[in-house]
Amino acid sequence: MGEKQYLLDKTLETWKGKRVAIAVSNEHSFTGILEDFDEEVILLRDVVDIAGNKAKALVVKIDDLNWIMLL
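Residues numbered from 1 in each chain as written. Predicted model: local features only at pLDDT ≥ 70, side-chain atom pairs only at ≥ 80, totals over all residues. Heavy atoms only, no water.

*Asks:* Let's hear about the overall build of the chain: which residues, and what values?
*Replies:* Within the chain, the regular secondary structure consists of 1 helix and 5 strands. Along the chain, helices (α) and strands (β) appear in the sequence α-β-β-β-β-β when read from the amino end. For the chain, whose C-alpha radius of gyration is 12 Å, the value lies close to the compact-globule estimate of 11 Å for 71 residues. Within the chain, buried positions represent 27% of all 71 residues. Nonlocal contacts in the chain, meaning residues at least 24 apart in sequence, comprise 35% of its contacts between residues at least 6 apart. (Helix = DSSP H or I, 4+ residues; strand = E, 2+ residues; numbered from the N terminus. Rg over C-alpha atoms; globule rule 2.2 N^0.38 Å. Buried < 20%, exposed > 50% of the residue type's maximum accessible area, 1.4 Å probe, protein only. Contact = heavy atoms within 4.5 Å.)

Set out below in structure tokens:
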């Protein structure tokens, strides 16, 4: 508990359960509900891509994210 929590961790923790938009590798954009995350990946559920394709879930490596925003 004495460890410093990083800005990304604090921000994602407050965004859990809320709809977010992400860009992956400057090529693909998705929206979904932020289900969970750790130091390596984020998990979105009820995902929709830019073309309107839908998926139940998406796991993305944090290193592959260009940006993430709260909708």
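Right, picking up where we left off after that structure.
*Asks:* Can you explain the pattern of salt bridges? Please cite residues and give values.
*Replies:* Pairing between side chains of opposite charge can happen when their charged atoms approach one another. For the structure on display, the rule yields 4 salt bridges. Here Lys 16 makes a salt bridge to Asp 36, at a shortest N to O gap of 3.2 Å. Here Lys 16 is found in the loop between α1 (7–15) and β1 (19–24), whereas its partner Asp 36 is found in strand β2 (residues 28–37), with 20 residues between them in sequence. Exposure remark for Lys 16: the relative accessible area of 31% places this residue in the partly exposed category. The exposure class assigned to Asp 36 is partly exposed, which follows from its relative accessible area of 36%. Salt bridges sharing common partners tie together Glu 13, Lys 16 and Asp 36. (Salt bridge = Lys/Arg side-chain N within 4 Å of Asp/Glu carboxyl O.)

*Asks:* Tell me about the environment of Trp 67, and name the residues and values.
*Replies:* Locating Trp 67 in the fold gives a position in strand β5 (residues 65–70). Spatially, the C-alpha atom of Trp 67 lies 7.7 Å from that of Val 24, the residues being 43 residues apart in sequence.

*Asks:* For a negative patch on the surface, give the residues involved together with the corresponding values.
*Replies:* Negative charge collects at one region of the surface, where Asp 38, Glu 39, Glu 40, Asp 63 and Asp 64 lie side by side. Here Glu 39 is to be found in the loop between β2 and β3 (41–49). (Patch = residues over 30% accessible without salt bridge, like charges linked within 9 Å, V, L, I, M, F, W, Y side chains within 5 Å. Areas by Shrake-Rupley, 256 points an atom, 1.4 Å probe, with all protein chains shown as cover. Lys, Arg positive; Asp, Glu negative; His and termini not counted. Charge placed at Lys NZ, Arg CZ, Asp CG, Glu CD.)

*Asks:* Report on the nonpolar core, specifying residues and quantitative values.
*Replies:* In this structure, Ile 22, Leu 34, Ile 42, Leu 44, Leu 58 and Val 60 are the most contacted members of the largest nonpolar core, which totals 15 residues. Elements that contribute at least two residues to this core include exactly α1, β1, β2, β3 and β4 (54–61). Setting aside its immediate chain neighbours within four residues, Leu 34 contacts Leu 12, Trp 15, Lys 16, Gly 17, Lys 18, Val 20, Ile 42, Leu 43 and Leu 44. (Core = buried A, V, L, I, M, F, W, Y, C linked by side-chain atoms within 4.5 Å.)

*Asks:* How would you sum up unusual backbone geometry? Please name residues and give values.
*Replies:* Here Asn 26, not a glycine, exhibits a phi torsion of approximately 55°, which is positive. Residue placement: Asn 26 occurs in the loop between β1 and β2. The backbone phi angle of Asp 46 is positive, close to 50°, even though this residue is not glycine. For Asp 46, the location among the structural elements is in strand β3.

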